[in-house]
Amino acid sequence: MPRESSFGVRESVAGSYRGESWISPDFNRFGDELWDVANILRDDAVHLVDRLEIFSLFLFLKLWDEIALEEEAAGKSPPEQQLIPEKYRFHNWAEYPDRYAESLGFEDSILFCRQMFTDLANRQSKHDSARDLRRLFKDARFPLRYTTTVRSLASKLAKLNLREIMLQGMSAGNERFDILGRTYEYLLQRFAHNKEFAEYFTPRHVVDRIVEIMQPQIGESIYDPACGTGGFIVRAFEFVRREINQSCRSFSEKERLVLALKTEHLNGVEFIPIVFKLALMNMILHQDGSSQLANEDSLSHKAQDKHKNKYDLILANPPFGPTNQERLAVFEFQIKLYEALFVQHVMNALKPGGRAAVVVKEGLLFDSKGQLRKICRKLVEQFELLAAISLPNGVFNPYSGSKTSVIVFRRPLGREDVRTSKVWFYRVESDGRDLGATRRKLADFDTDGDLKEMTELFPYRWQNAPHGGVRAVLKSDRLSDFTGDRAWWADLQEIRETNYNLTAGRYCPHQAEAVEYEKPAVLINRLLELEAEITTDLQKLLVMVSNEDVA
């Protein structure tokens with residue numbers, strides 16, 4: 001019988017590995033405890049953005065302190081070499097913050113915390129993460145007004161014995177289960193489920209399956225131009241680190257490759273400052289490096305030059321929908337849709353022989369707008385478009401119910417390299433979760449619904465090319481090995497005849513041509529957006545005509 005501890009953890013006989021029992025965290029229960037703590041901030045009437053930032057920073061201090069305690073217990077790192085100064089170590093002050101503040105000469109815990117934030121924003125240390133710590137606390141406000149809020153928040157976090165869970169949790173390969181980073185990600189997911197910053201959180205089971213089919217390799221440069229809370233970068237790190245541990249026998253070689261992975265090969269950009277900090281915390285807590293994470297705009301003119309022809313693998317779920325922001329960059333196909341601009345940025349940023357998996361709003365793949373059809377034409381004719389994986393409406397609830405697809409493509413190595421000859425389509429009907437706002441588990445939850453079959457049927461493996469980059473090689477010469485009720489192929493001529501329509505339903509052999517309809521609310525919003533664009537253009541035209549009349 002499984003038995004539960006007081007820390008939201010379930011121990012199971014099925015979780016044994018080579019005779020050693022290990023504990024897997026029950027995130028539903030443990031995450032609920034954290035969520036209850038986070039809601040303490042509501043009593044201080046703190047604005048949503050400030051509430052998220054304050055709680056995340058407090059949780060970061062708590063989680064990092066657990067890492068430090070583990071290192072000290074193992075004799076790896078003495079207190080004087082820790083990232084957080086002893087004065088601000090969470091376990092020293094959190095249980096009785098007012099009493100601790102007074103012992104240091106502060107009037108109350110509010111003033112102590114404000115000083116702590118200021119000092120950490122200017123922290124000078126030889127620790128590898130010192131620069132990231134400064135970036136994390138830079139410009140961080142401390143808006144709490146009541147010492148009772150600080151006392152309640154800090155003391156409740158202090159009572160959660162995360163270190164005990166962390167030390168007991170063991171995973172395959174006798175490695176420590178990443179309880180700290182996963183705990184933080186669960187909290188981000190809860191914020192997303194409550195429609196707070198949901199658009200920056202890609203469901204991790206979707207991320208896992210995309211990373212699985214793209215197979216990040218040791219030494220590859222990996223990039224996410226709209227990294228949100230860092231899901232793709234974190235999972236890519238975990239995947240490659242596992243490859244290093246399995247393929248390298250020498251300890252020194254493992255250390256060298258992991259260090260290069262952390263400091264050179266993981267690249268992410270996030271435009272929204274608070275979300276950038278969430279990603280930064282996520283990466284620090286996973287200890288996967290964050291020096292290449294930037295708070296910038298991937299669609300700026302500078303970014304097109306900075307990232308051009310640079311990456312072996314790009315994984316992204318960029319924002320979609322209309323943008324009214326005037327972009328500095330001039331794209332080949334200029335259209336005010338995020339998904340259209342980001343797909344062009346990804347094409348620009350791939351090295352020859354590089355590959356990408358990008359989540360796009362499905363409208364991009366079939367909409368009759370001329371610029372969108374040109375983008376799809378370029379994907380097919382100038383790149384090697386390999387797959388289009390249709391996701392069901394609701395996968396990204398509660399943020400959006402829009403229909404989306406994942407497009408997988410590769411940049412040819414040169415003029416003589418292959419282009420698109422056929423495209424593999426897969427239609428995901430279930431991801432193992434209810435497609436409503438609550439996203440409740442379904443009976444096929446353990447397989448992520450059809451996503452498990454999708455990864456098993458995915459036709460390609462990635463083979464290193466002699467002079468850099470990779471080639472997409474079919475796992476079998478029989479194309480029928482990769483077809484089924486939800487999977488089929490379309491050849492280049494078929495795609496050309498449909499004006500480069502890249503939706504899965506368009507080529508489904510099991511039914512009459514499927515027409516994908518969006519929800520009425522989505523269509524109405526699109527009409528309103530078009531009306532606004534037309535009005536703006538007419539106003540500009542009126543100004544031009546008026547000026548001509550005056551002249």
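Here the residue numbering is sequential within each chain, running from 1 through the sequence in written order. Only residues with pLDDT of 70 or above have their local features reported here, since the model is predicted, and side-chain atom pairs are shown and tallied only from 80 upward, although totals for entire chains, interfaces and linings are computed over all residues. No hydrogens and no water enter the side-chain calculation; it runs on all heavy atoms of the structure.

1. Notes on the overall build of the protein chain
Part 1 of the argument: Along the protein chain, the regular secondary structure elements total 20 helices and 16 strands.
Part 2 of the argument: The burial tally for the protein chain puts 54% of its 551 residues in the buried class.
Part 3 of the argument: Across the protein chain, contacts joining residues at least 24 apart in sequence account for 72% of those joining residues at least 6 apart. Only runs of H or I of at least four residues qualify as helices and only runs of E of at least two qualify as strands under DSSP, and these elements are numbered from the N terminus. Burial classes follow relative accessibility: with a 1.4 Å probe on protein chains only, a residue under 20% of its type's maximum area counts as buried, one over 50% as exposed, and anything between as partly exposed. Residue contacts are defined here by distance: any two heavy atoms, one from each residue, within 4.5 Å place the two residues in contact.

2. Thoughts on unusual backbone geometry
Part 1 of the argument: Look at Asn309: it is not a glycine, yet its phi comes out positive at around 50°.
Part 2 of the argument: Looking at where Asn309 falls in the secondary structure, it is placed in the loop between helix H14 (301-306) and strand S9 (311-316).
Part 3 of the argument: The phi torsion at Asn499 lies on the positive side, around 60°, for a residue other than glycine.

3. Structural notes on the pairing of strand S14 (residues 460-464)
Part 1 of the argument: Judged from the five bridges that link them, S14 and strand S15 (residues 470-474) form a sheet pairing that is antiparallel. If you follow Arg461 over to S15, its bridge partner there is Val473.
Part 2 of the argument: Pairing between two strands requires that DSSP report at least two bridges joining them. Between S14 and S15, which pair antiparallel one after the other, the connecting turn spans five residues, and Gly468 there sits at a positive phi close to 105°.

4. A look at the sheet that holds strand S8 (residues 293-294)
Part 1 of the argument: The strand order across the open sheet built from nine strands is S8-S7-S6-S9-S10-S12-S11-S13-S16, with neighbouring strands paired in mixed fashion. Of all the strands in the sheet, the pair left with one neighbour each is S8 and strand S16 (487-491).
Part 2 of the argument: The pairing of strand S7 (residues 266-269) with S8 spans two bridges and is parallel. Bridging across to S8, Val269 finds its partner in Ala294.
Part 3 of the argument: On top of the sheet, helix H11 (residues 231-247) reaches strand S6 (222-224), S7 and S9; it is set at about 160° to S6, its chief contact. Where helices are involved, their axes are fitted lines through C-alpha atoms of the stretch in contact, as for all axes, and angles between N-to-C directions lie from 0 to 180°.

5. Focus: the pattern of salt bridges
Part 1 of the argument: Whenever a carboxyl oxygen of Asp or Glu lies within 4 Å of a side-chain nitrogen of Lys or Arg, that contact is scored as a salt bridge. The full count for this structure, using the stated rule, is 27 salt bridges.
Part 2 of the argument: Among the salt bridges present, the one from Asp98 reaches Arg151, with a minimum N-O distance of 2.5 Å. With a gap of 53 residues between them, Asp98 in helix H4 (residues 97-103) and Arg151 in helix H7 (residues 147-158) connect regions that are remote in the sequence.
Part 3 of the argument: With its nearest N and O atoms 2.9 Å apart, the salt bridge here joins Glu381 to Arg496.

6. Examining helix H6 (residues 130-137)
Part 1 of the argument: Across the eight residues of H6, six count as buried, placing the element largely inside the fold.
Part 2 of the argument: Next to the buried residues of H6 lie helix H2 (48-73), helix H5 (109-121), helix H13 (273-285) and S8.
Part 3 of the argument: In the segment just after H6, Asp139 is the residue with positive phi, at about 60°.

7. Brief notes about the packing of H2 against H5
A pair of packed helices is characterised by two quantities: the angle between their axes and the separation of those axes.
Part 1 of the argument: Direction vectors running N to C along H2 and H5 enclose 75°, while the axes themselves pass 13 Å from each other. Between H2 and H5, the interaxial angle falls into the category roughly perpendicular. Contact residues: H2 offers Ile54, Leu57, Phe58 and Leu61, while H5 offers Cys113, Met116, Phe117 and Leu120.
Part 2 of the argument: Amino acids outside the nonpolar list (Ala, Val, Leu, Ile, Met, Phe, Trp, Tyr, Cys, Pro) and the charged list (Asp, Glu, Lys, Arg) are all regarded as polar, and Gly is one of them. Of the residues contributing to the contact of H2 with H5, the split by class is eight nonpolar, no polar and no charged. Reported orientations rely on four angle classes, namely roughly parallel under 35 degrees, roughly antiparallel over 145, roughly perpendicular from 65 to 115, and oblique for the rest.

8. Description of the side chain of Arg433
Part 1 of the argument: By secondary structure assignment, the location of Arg433 is in the loop between strand S13 (422-427) and helix H18 (451-457).
Part 2 of the argument: As used in this structure description, the phrase polar contact means that two N or O atoms lie within 3.5 Å; if the pair is within protein, one of them must be able to donate a hydrogen and the other to accept it, and residues adjacent in sequence are counted only when both atoms belong to side chains. A distance of 2.7 Å separates the side chain of Arg433 from the backbone oxygen of Asp431, its partner in a polar contact.
Part 3 of the argument: Among residues more than four places away in sequence, those in contact with Arg433 are His205, Arg439, Arg440, Leu442, Phe445 and Asp448.

9. A short note on a nonpolar patch on the surface
Part 1 of the argument: Each patch is built from residues lacking any salt bridge and having more than 30% relative accessible area; the joining distance is 9 Å for like charges and 5 Å for nonpolar side chains (Val, Leu, Ile, Met, Phe, Trp, Tyr). Computed with a 1.4 Å probe, the accessible areas rest on the Shrake-Rupley method; for each residue, only the protein chains presented here act as cover. A cluster of nonpolar side chains, contributed by Ile534, Leu538 and Leu541, occupies part of the molecular surface with about 290 Å² of accessible area.
Part 2 of the argument: The residue Leu538 is located in helix H20 (residues 520-550) in this model.

10. Thoughts on the packing of aromatic side chains
Part 1 of the argument: What counts as a ring pair is set by centres within 6.5 Å for rings of Phe, Tyr and Trp (its six-membered ring), and what kind of pair is set by the plane angle: stacked under 30 degrees, edge-to-face over 60, tilted for all other angles. Inspection of the entire model under this criterion finds 18 aromatic pairs.
Part 2 of the argument: Measuring from ring centre to ring centre gives 5.7 Å for Tyr88 and Phe112, while their planes differ by 50°; the resulting arrangement is tilted. Of this pair, Tyr88 sits in the loop between H2 and helix H3 (90-93) while Phe112 sits in helix H5, placing them 24 residues apart in sequence. When sorted by exposure, Tyr88 lands in the same class as Phe112, which is buried.
Part 3 of the argument: Centre to centre, the rings of Trp424 and Tyr426 are 5.7 Å apart; their planes meet at 35°, and the pair counts as tilted.

11. Some points on helix H15 (residues 338-349)
Part 1 of the argument: Expected helix span is computed as 1.5 Å times (number of residues minus one). The end-to-end C-alpha distance of H15, which contains twelve residues, comes to 16 Å, matching closely the 16 Å that a straight helix rising 1.5 Å per residue would cover.
Part 2 of the argument: Among the twelve residues of H15, eleven are classified as buried, and the element is accordingly described as predominantly covered.

12. Some thoughts on the environment of Asp367
Part 1 of the argument: Structurally, Asp367 can be placed in the loop between helix H16 (363-366) and helix H17 (370-381).
Part 2 of the argument: Among the polar contacts made by the side chain of Asp367, one reaches the main-chain amide nitrogen of Lys369 at a distance of 2.9 Å.

13. Section: the nonpolar core
Part 1 of the argument: Ranked by size, the top nonpolar core spans 100 residues in total, and within it Trp93, Val408 and Trp424 carry the most contacts.
Part 2 of the argument: Sorting elements by how many residues they give to this core places H2 first, with eleven residues.
Part 3 of the argument: If near-sequence neighbours (up to four positions away) are discounted, Val408 is found in contact with Ile213, Met214, Ala356, Ala357, Glu384, Leu385, Leu386, Ala387, Ile389, Phe458 and Trp462. Throughout this description, the term nonpolar core refers to a set of buried Ala, Val, Leu, Ile, Met, Phe, Trp, Tyr and Cys residues connected via side-chain atoms within 4.5 Å.

14. Regarding the pairing of S16
Part 1 of the argument: With four of its five residues buried, S16 lies for the most part within the structure.
Part 2 of the argument: Summarising the sheet, S13 and S16 pair through five bridges and their orientation is antiparallel. Bridged to Tyr426 within S16 is Ala487.

15. Some words on the packing of H15 against H17
Part 1 of the argument: Where H15 meets H17, the closest approach of the two axes is 11 Å, and the angle between their N-to-C directions is 25°. Between H15 and H17, the crossing angle belongs to the class labelled roughly parallel. Our pair here, H15 against H17, has a crossing hand that is left-handed. Side by side, H15 and H17 meet where Ala340, Val343, Gln344 and Met347 of the first sit next to Leu372, Ile375, Lys378 and Leu379 of the second.
Part 2 of the argument: Partitioning the contact of H15 with H17 into residue classes produces six nonpolar, one polar and one charged. Definitions for this section: a left-handed crossing has its near helix turned counterclockwise from the far helix by less than a right angle. A right-handed crossing has that turn clockwise.

16. Considerations on the confidence of the model for the protein chain
Part 1 of the argument: Every residue is assigned a pLDDT by the predictor, reflecting its confidence on a scale from 0 to 100. Mean pLDDT over the protein chain: 82, with 78% of residues reaching 70 or higher.
Part 2 of the argument: The low-confidence segment residues 1-25, where pLDDT is below 50, has 50 contacts with residues more than four positions distant or belonging to other chains.
Part 3 of the argument: Predicted confidence is poor over residues 166-178, with pLDDT under 50, and the contacts of this stretch with residues over four places away or in other chains come to 32 contacts.

17. Observations concerning the side chain of Glu66
Part 1 of the argument: Position of Glu66 among the secondary structure elements: in helix H2.
Part 2 of the argument: You can call Glu66 buried: its relative accessible area is 5%.
Part 3 of the argument: At 2.8 Å, the side chain of Glu66 and the side chain of Lys62 are in polar contact.

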